[in-house]
Amino acid sequence: MTIKWYPGHMSKAHEKMAELVRRIDLIIEVLDARLPLSSSNHLLAELRRNKPWIKVMNKNDLADPRVTKAWVRHFEQQSGIRALPLSAKQHREVLQLPTLCLRLAPHRGKPGRPLRAMVVGIPNVGKSTLINTLAGKAMARVGDKPAITTCAQQIDLRNGIILSDTPGVLWPTMSDQGAAYRLATTGAIGANALDYTEVGLFAAEFMLLRYREQVFTRYEITTPPESAIALLEQIGRRLGCVVSGGQIDLHRAAEAFLRELRAGKLGRVSLEEPEETAVVPESSVTENVPEAEPQ
Ligand code: G4P
C-alpha cells in the first residue's frame, strides 16, 4: 500500500509547535483510544520541555474497555503524563479535562494568570470535537478531511484556561507498516491515500484473530472462514456486495465492512495493546515517513 504525504508541512508544523511549547503550561495530546500509539507523533516527546502532558484517549466509546485500561496504566507509568479516556462528544466526560488541567498546573488558572494549554493531535482524532464541546459552541472546524491544515487559534474557555489549537499540523509517526494499516482501518488516513481492499483484508484478519465472536455475531456467520479473504467474501455476500455472476465485489465489501467497523457496529474494538507495540524510535520521526507523492 502506498501512503501519500506532504512532508513539507511537517517540518514547518514542528517548528511552530516547538515555539508554542515554550509559551504554554501544559500539553493536551488528543489520541484515538483504539490506537493510542499509532495515532501519536513521537516528536512531541522531544518538544515537550518537561511540561505536564495529558493524553486524551478520545473515541473511547469505540475502544475495548479492557485494552483502554491497560493503556492508561502504561502511560501513567511515565513521569508527568496523565491519560484520560473519554468521548469528545460527551459533555459530562469532557468536563474532567479542565479539572485535570488545573490540578496539573495549580499555580495557574487564576485571574491574570490563565492556564495556557496546547491541544495537539493528528488529523481526525477529534480535536475540533473536543474543543467545541469544551467551549460550548462550534468554534473549531469539525469534519472528515484528514489533510486540512489551519492556523493555530486561541480559545478562551472562560474558566481560567486558554487553549491554543493547532489543528491538523501533527502527522502520525508511521514507524512501521502495521501502524499505517491500523490508521487506515480507523480512517485516520485519507480515503484517497489507501487501497480499501488491502485495508479491509488487514482489518478482517485482525478481527478473526482478536474479535472473532463480535464479527461472527454481526454478520451471523456460522461457518468460521479459514482466511481473511473468505471472511471478507462472507461479509460482502451478507451486505449485498455482489456483481453479476454471483461474484463478490471485494472493494465494495471492504468499504462497507470498514464503514461498519469505524462506526462501532461490530462492538468496541481496540487495534493495539501496550505490550505488543513497537519500540518508539528515538530520532525525529520525519525520517520514518514514506516519500511524498502527488495526490
Ligand atoms: P480533528 O479535529 O482531530 O481532525 O477531528 P474532528 O473533531 O473533525 O473529528 C473527526 C471525526 O471523529 C468526526 O466524525 C467526529 O464526529 C468524530 N469524533 C470525534 N470525537 C469522537 C468520539 O469521541 N467518538 C466518536 N465515535 N466519534 C468522534 P465525522 O463523521 O468526520 O464528522 P461528523 O459528521 O460527525 O461531524
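Everything below is about the structure printed above this text.
Reference entry: report on the structure contained in this document. (Residues numbered from 1 in each chain as written. Predicted model: local features only at pLDDT ≥ 70, side-chain atom pairs only at ≥ 80, totals over all residues. Heavy atoms only, no water.)

## Here we look at the packing of helix α7 (residues 177–186) against helix α8 (residues 196–210)
Then, number 1: Two elements in contact, α7 and α8, have axes separated by 9 Å at closest approach and are oriented at 95 degrees. Between α7 and α8, the interaxial angle falls into the category roughly perpendicular. Every residue of α8 that contacts α7 at G178, Y181, R182, A184 and T185 is listed here: E198, V199, F202 and A203. (Axes fitted to C-alpha atoms, helices over the stretch in contact; angles between N-to-C directions. Helix = DSSP H or I, 4+ residues; strand = E, 2+ residues; numbered from the N terminus. Parallel < 35°, antiparallel > 145°, perpendicular 65-115°, else oblique. Contact = heavy atoms within 4.5 Å.)

## Section: the nonpolar core
Then, number 1: In this structure, I28, L97, M118, L163, M207, V215 and F257 are the most contacted members of the largest nonpolar core, which totals 82 residues.
Then, number 2: In terms of residue count, α8 provides more of this core than any other element does, seven residues in total.
Then, number 3: There are two domains that each give this core at least three residues, and those are domain 1 (8–165) and domain 2 (195–262).
Then, number 4: If near-sequence neighbours (up to four positions away) are discounted, M118 is found in contact with M17, L20, V21, I24, L26, I27, I28, L44 and S164. (Core = buried A, V, L, I, M, F, W, Y, C linked by side-chain atoms within 4.5 Å. Buried < 20%, exposed > 50% of the residue type's maximum accessible area, 1.4 Å probe, protein only. Domains from an automatic or database assignment.)

## Section: the site of the ligand
Then, number 1: In the region of the ligand, 18 residues are neighbours, and D61, N124, K127, S128 and T129 sit closest.
Then, number 2: Contact distances for the ligand include 3.0 Å between an oxygen atom and a side-chain N or O atom of S87.
Then, number 3: With respect to the ligand, the side chain of S128 contributes an N or O atom lying 2.6 Å from an oxygen atom.
Then, number 4: Contact with the protein chains removes 73% of the 710 Å² of surface that the ligand exposes when unbound.
Then, number 5: With three residues, the single largest contributor to the shell around the ligand is helix α6 (residues 127–135).
Then, number 6: For the shell around the ligand, a count of residues per class yields six nonpolar, seven polar and five charged. (Near = heavy atom within 4 Å. Polar contact = N/O pair within 3.5 Å; in protein donor to acceptor, adjacent residues only side chain to side chain. Areas by Shrake-Rupley, 256 points an atom, 1.4 Å probe, with all protein chains shown as cover. Nonpolar A, V, L, I, M, F, W, Y, C, P; charged D, E, K, R; others polar.)

## Brief notes about the pattern of salt bridges
Between side chains of opposite charge, a pair can form as their charged atoms come close.
Then, number 1: Tallying each qualifying case throughout the model produces ten salt bridges.
Then, number 2: With a shortest N-O distance of 2.9 Å, E29 and K55 are connected by a salt bridge. Here K55 lies in strand β2 (residues 53–58) and E29 lies in strand β1 (residues 26–32), a separation of 26 residues in the sequence.
Then, number 3: Across the pair E220 and R238 runs a salt bridge, and its minimum N-O distance is 3.1 Å. (Salt bridge = Lys/Arg side-chain N within 4 Å of Asp/Glu carboxyl O.)

## Topic: the sheet that holds β1
Then, number 1: One open sheet holds the six strands; their spatial order is β3-β2-β1-β4-β6-β5, and the pairing between them is mixed. A single partner strand is all that each edge strand has here, and the edge strands are β3 (81–85) and β5 (153–156). The sheet shows a mean angle of 25 degrees between the axes of neighbouring strands, direction not considered.
Then, number 2: With five bridges connecting them, β2 and β3 associate as parallel partners. For K55, the partnering residue across the bridge sits in β3 and is A83.
Then, number 3: Contacts between helix α3 (residues 65–76) and the sheet are confined to β1, β2 and β3, with β3 contributing the most and set at about 165 degrees to the helix. (Pairing = 2+ DSSP bridges.)

## A word on the pairing of strand β6 (residues 161–165)
Then, number 1: For β6, a buried count of five out of five residues is recorded, marking the element as mostly surrounded by other parts of the structure.
Then, number 2: Of the two faces of β6, the one holding I161, L163 and D165 and the one holding I162 and S164 are both buried throughout.
Then, number 3: Of the pairings in the sheet, the one linking strand β4 (residues 115–120) to β6 comprises five bridges and is parallel in character. Its bridge partner lying in β6, A117 is registered against L163.
Then, number 4: Direction of pairing for β5 relative to β6: antiparallel, over a ladder of four bridges. If you follow Q153 over to β6, its bridge partner there is D165.
Then, number 5: Connecting β5 to the next strand, β6, in antiparallel fashion are four residues, including R158 with a positive phi near 60 degrees.

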